[in-house]
Amino acid sequence: MDIEKLKKILEDRGEPKYRFSQIYKAVFFDLIFDFSQMTNLSKELREILSKEITPFSLKIKTIQKGKEVDKDLFELEDGNCIETVLMKHNYDRKTVCISSQVGCPLGCKFCATGKMGFIRNLDSQEIVDQVLFFAKEEKDKKLNVVFMGMGEPLLNYDNVLQAIRVLNDKNGFNLSIRSISISTAGIIPGIKKLMNENLQLNLAISLNSPNEKQRTEIMPVNQQYSLKELMAVAKEYVKKTNKKLFFEYVLLDGINDDLESSKQLIKLLDKEPLFHINLIRYNNTSTQFRSSSIKTIEKFKKELEKNNINVTLRYSFGKEIKAACGQLSTTSNCFNVD
Ligand code: SAH
Ligand code: SF4
């Protein structure tokens, strides 16, 4: 919710100091999104707050249930829509895959969100509320949160960081920073800024191609932030943070999945022990790209392993309800598409 506005209303009314913490805790810790249920407040205050403040900004349009995932379509106050995914395959901790923008301006050729174009950034409340919603639904605040839904989080830097601070606040939701991951298509200024924040969150870079020409073809952002500069900043990142850095590599049939590509990739990673490659099977969407065969993927993985690259093959969940990586997409009149 708009924390500053709440503070101001309480101050203007001359409410005692503890009132703020009381309400803040009710929303972010007890996940009560309706002031009328905060019976420890006076009726008058409850009415004023209900009029002035929106403790939960998302309207639930549809909930689709898959085998191991839920996909929710949320309508925002201005009528735009986003999708958020809850993954339940990990019994230890569930993972919420959240969106940071409506659409995405980067237009990667293989991604359904990219095809939508860019509509707007989400504000920090809209980002936070995606997490609060699932925590409430699941009655579980110990979640992993990954910025791997719609949009490019590092192009909405301030709101994403503000949302992370709110989620992490030990007086409120108290989500551990280590359970948060940000994925970026390679926005270099954002990566540099993030690395100076000294936060213990996880960073992943969507690499998807081991050479400049091909990467520019499938990820136009490579024109602005080249692979060469990106790898230089990636090295700087691990040196400065001493943390593992993840690279996502979506295998596209006949494009980036051959022996030559694996060799180029190995060279690119330059034996940096803190680099970790996550291979992702392509989830078919309405693009010309197709998923590589399991055999090809296994071969590609073996080649990397042979060269001592840290590599994991990531299984994609939620394909049956178009909730897997790269399949999130909405229309202006708030329908799921694709
Ligand atoms: N914009 C950020 C955050 C979104 S993460 C980024 O691109 O990193 C979405 C991830 O899904 C990215 O790693 C992207 O490369 C991958 N992806 C996109 N389309 C996909 C598809 N159809 N199948 C599998 N992965 C896909
Ligand atoms: Fe945007 Fe990421 Fe999709 Fe590329 S892969 S279009 S950066 S959401």
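Residues numbered from 1 in each chain as written. Chains lettered and ligands numbered in written order. Predicted model: local features only at pLDDT ≥ 70, side-chain atom pairs only at ≥ 80, totals over all residues. Heavy atoms only, no water.

## Concerning the pattern of salt bridges
Argument step 1. Under the defined criterion, the tally for this structure stands at 22 salt bridges.
Argument step 2. Salt-bridge contacts for Asp12 lead to Lys8; the nearest nitrogen and oxygen are separated by 2.8 Å. Here Asp12 and its partner Lys8 are both found in helix α1 (residues 3–12), 4 residues apart, which amounts to about one turn of the helix.
Argument step 3. Owing to a relative accessible area of 57%, Asp12 belongs among the exposed residues under this scheme.
Argument step 4. One continuous salt-bridge network, built from bridges that share partners, spans Arg13, Glu15, Arg19 and Glu44. (Salt bridge = Lys/Arg side-chain N within 4 Å of Asp/Glu carboxyl O. Helix = DSSP H or I, 4+ residues; strand = E, 2+ residues; numbered from the N terminus. Buried < 20%, exposed > 50% of the residue type's maximum accessible area, 1.4 Å probe, protein only.)

## Section: the packing of aromatic side chains
Argument step 1. Taken as a whole and judged by the stated rule, the model has 10 aromatic pairs.
Argument step 2. Ring-pair connections join several aromatic residues into one group, and the members of that group are Phe33, Phe56, Phe74, Phe133 and Phe134.
Argument step 3. The ring of Phe33 is capped by Lys136, whose NZ or CZ atom sits 4.8 Å from the centre of that ring.
Argument step 4. Between Lys141 and the ring centre of Phe29, over which it is positioned, the NZ or CZ distance is 3.9 Å. (Phe/Tyr/Trp six-rings, centres within 6.5 Å; stacked < 30°, edge-to-face > 60°. Lys NZ or Arg CZ within 6 Å of the ring centre and 35° of its normal.)

## Let's talk about the nonpolar core
Argument step 1. Formed by 109 residues in total, the largest nonpolar core has its most connected members in Phe247 and Ile277.
Argument step 2. When residues are assigned to domains, this core turns out to be shared by domain 1 (3–52) and domain 2 (59–334), each giving three or more.
Argument step 3. What Ile277 contacts, discounting residues up to four positions off in sequence, is Leu207, Phe247, Tyr249, Leu265, Leu269, Leu304, Ile309, Asn310, Val311 and Thr312. (Core = buried A, V, L, I, M, F, W, Y, C linked by side-chain atoms within 4.5 Å. Domains from an automatic or database assignment. Contact = heavy atoms within 4.5 Å.)

## With respect to the environment of Leu265
Argument step 1. With respect to the helices and strands, the residue Leu265 is situated in helix α11 (residues 259–269).
Argument step 2. Relative accessible area serves as the criterion here: at 0%, Leu265 is assigned to the buried category.
Argument step 3. Taking the C-alpha atoms as reference, Leu265 lies 37 Å from Glu126; in sequence the two are 139 residues apart.
Argument step 4. The contact partners of Leu265, leaving out residues within four places of it in the chain, are Leu207, Pro210, Tyr249, Ile277, Phe300 and Leu304.

Don't take any of this as a statement about function, it's just geometry.
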